[in-house]
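# Architecture and fold: a report
Residue strings, one per chain:
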Amino acid sequence: MFQQESELKKENKVKVDIYVPLNVCACQWENFMNLVFQVITHYNKYILYNTKNLDSEEARRLNLHGNSVVIDGTEIVKTSFALKKKLPEILKAKGLI
């Protein structure tokens, strides 16, 4: 029973994938990550986030060039400002906030 409730809570969360070039020095992308985390920590209980390599097949399929955040596999944002605007809109549309 508890596992089913836990899985249901995970399904209701918004998936946030953060794409950065993990194969280069972190100094190249740490500022972007800090800005993204300033936004997503406010909504932490409503999202599931993952950091992914910008140099991956998945990133190529999404046609990503440069640090990016992909929300629910479809919405792509390139800046923390855009994320700060878009994430609450998506959460409201899903009835999470």
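Here the structure is shown first, and the text comes after it.
Bear in mind the structure is a predicted one, so any value in this text is a computation, not a measurement.

The geometry of an aromatic ring pair comes down to the distance between the two centres and the angle between the two planes. For the coordinates displayed, the defined rule picks out one aromatic pair. For the pair Phe-37 and Tyr-49, a centre-to-centre distance of 5.1 Å together with 90° between the ring planes defines the contact as edge-to-face. Of this pair, Phe-37 sits in helix 2 (residues 30-40) while Tyr-49 sits in strand 2 (residues 47-53), and the two are twelve residues apart along the sequence.

Here the focus is unusual backbone geometry. At Asn-63, a residue that is not glycine, the phi angle is positive and equals roughly 60°. A relative accessible area of 53% means that Asn-63 is categorised as exposed. One non-glycine residue, Asp-72, lies in positive phi territory at about 55°. Of note, Asp-72 is situated in the loop between strand 3 (68-71) and strand 4 (75-77).

Among all positions of helix 2, only Phe-32, Met-33, Val-36, Val-39 and Ile-40 are buried. The buried residues of helix 2 all sit within an arc of 120° when viewed along its axis, so they share a single face. Projecting away from the buried face of helix 2 at angles above 90 degrees are the exposed residues Asn-31 and Gln-38. On its buried side, helix 2 packs onto strand 1 (14-20), strand 2, strand 3 and helix 4 (80-93).

Conventions we followed
Here the residue index of a chain counts from 1 through its sequence in written order. Per-residue local features are limited, in this predicted model, to residues with pLDDT of at least 70; the limit for side-chain atom pairs, both in listing and counting, is 80 or more; totals at the level of whole chains, interfaces and linings are taken over all residues. Side-chain descriptors were evaluated using all non-hydrogen atoms of the structure, hydrogens and water having been removed beforehand. Ring geometry is summarised as follows: Phe, Tyr and Trp rings, the Trp one being its six-membered ring, pair when their centres sit within 6.5 Å, and such pairs are stacked at plane angles under 30 degrees, edge-to-face over 60 and tilted between the two. The numbering of helices and of strands both runs from the N terminus, where a helix is a DSSP run of H or I of at least 4 residues and a strand a run of E of at least 2. Burial classification: accessible surface area is computed with a 1.4 Å probe over protein chains only, and a residue below 20% of its type maximum counts as buried, one above 50% as exposed, and the rest as partly exposed. Regarding the arc, it is the one traced by the directions from the helix axis to the C-beta atoms. What makes two residues a contact is simply this: any of their non-hydrogen atoms within 4.5 Å.

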